[in-house]
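# Working through the structure, step by step
Read off the chains here:
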Amino acid sequence: MSKNTIRCCILAITCALAVASDPAPLQDFCVADFNSQVLVNGAACLDPKLVTADNFFLSGLDKPGNVSNQQGSAVTSAMVEQIPGLNTLGTSLIRFDYAPWGIVSPHMHPLASEILVVVEGTLLVGFVTSNPDNKLISKVLQKGDVFVFPQGLVHFQQNVGYVNAFSYSAFGSQNPGVVLVPNTVFGSTPHITTDVLAKAFQVDKAIVDQIEAKF
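Keep in mind it's a predicted model, so treat the numbers as computed, not measured. (Residues numbered from 1 in each chain as written. Predicted model: local features only at pLDDT ≥ 70, side-chain atom pairs only at ≥ 80, totals over all residues. Heavy atoms only, no water.)

### Let's talk about the sheet that holds strand E10 (residues 179-180)
Sheet architecture is open: five strands sit in the order E6-E5-E8-E3-E10, paired in antiparallel fashion. A strand with exactly one partner marks an edge of an open sheet, and here the two such strands are strand E6 (136-141) and E10. The pairing of strand E3 (residues 103-108) with E10 spans two bridges and is classified as antiparallel. Within E10, the residue paired with His107 across the bridge is Leu180. (Pairing = 2+ DSSP bridges. Helix = DSSP H or I, 4+ residues; strand = E, 2+ residues; numbered from the N terminus.)

Dropping the structure here:
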């Protein structure tokens, strides 16, 4: 392999790594100023003279969320909206709580990969690779186990135990974004036409109408 080829490979790898997460900050911090009218990629910076320790602090992630809902799960976020000091730092955190057999619906994060650690309980987790393979990669996790969901791939979680469970997930972005597959397909505003969905899922239009009525 020639030196020029090696240089090109190194440059390609470096460029790929450079765009794999949020842009690197150009200062120590940029605490989000949600009162600013300036439109930027992220949030405008609060005057550093006004910054306090509370801008980098959040309590309450030790408390379980309310799982009394159709999904049997709850999300407690530690993102820039809750911790303004996360702005431009390229990271965020979520706590998931699960009732027995509760789920986190199939969804994807278009802006970040996710690393999940089980704190209590037994979870079935998995993601599906992109077309044309659409391969399901899944595993049952126990307390202390860790699993990674690659950026942009549809994934899910389910408590497969008979007691409540919870996990933490970290993301490589202050805003990983979330696209819930059922809500997106059947609950958009305005709705995707029934004809399109009926043909896509190869079902009768009445079934599509029935599903849409739930969202």
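Still more ground to cover, so stick around.
### Considering the state of the cysteines
Under the defined criterion, the tally for this structure stands at one disulfide. For Cys30, the disulfide goes to Cys45, at an S-S distance of 1.9 Å. Across the S-S bond of Cys30 and Cys45 the torsion is about -105°, and the bridge reads as left-handed. With Cys30 in the loop between helix H1 (3-18) and strand E1 (73-78) and Cys45 in the loop between H1 and E1, this pair connects stretches of sequence that are 15 residues apart. A relative accessible area of 5% means that Cys30 is categorised as buried. For Cys45, a relative accessible area of 38% puts it in the partly exposed group. (Disulfide = S-S within 2.5 Å. Buried < 20%, exposed > 50% of the residue type's maximum accessible area, 1.4 Å probe, protein only.)

### As for the confidence of the model for the protein chain
Averaged over the protein chain, the pLDDT score is 90; the fraction of residues at 70 or greater is 90%. Of the regions scoring below 50 in pLDDT, residues 8-20 engages in one contact with residues more than four places distant in sequence or in other chains. (pLDDT = per-residue confidence, 0-100. Contact = heavy atoms within 4.5 Å.)

### What about helix H3 (residues 194-201)?
Structural remark: α-helix, 3.6 residues per turn; residues separated by three or four positions point the same way. By the burial criterion, the buried members of H3 are Thr194, Leu197 and Ala198. Relative to the axis of H3, the buried residues are bounded by an arc of 100° and lie together on one face. Exposed side chains of H3 directed beyond 90 degrees from the buried face belong to Lys199 and Ala200. On its buried face, H3 is in contact with helix H2 (181-186) and helix H4 (205-212). After H3 finishes, the residue Gln202 shows a positive phi value of roughly 55°. (Arc of directions from axis to C-beta.)

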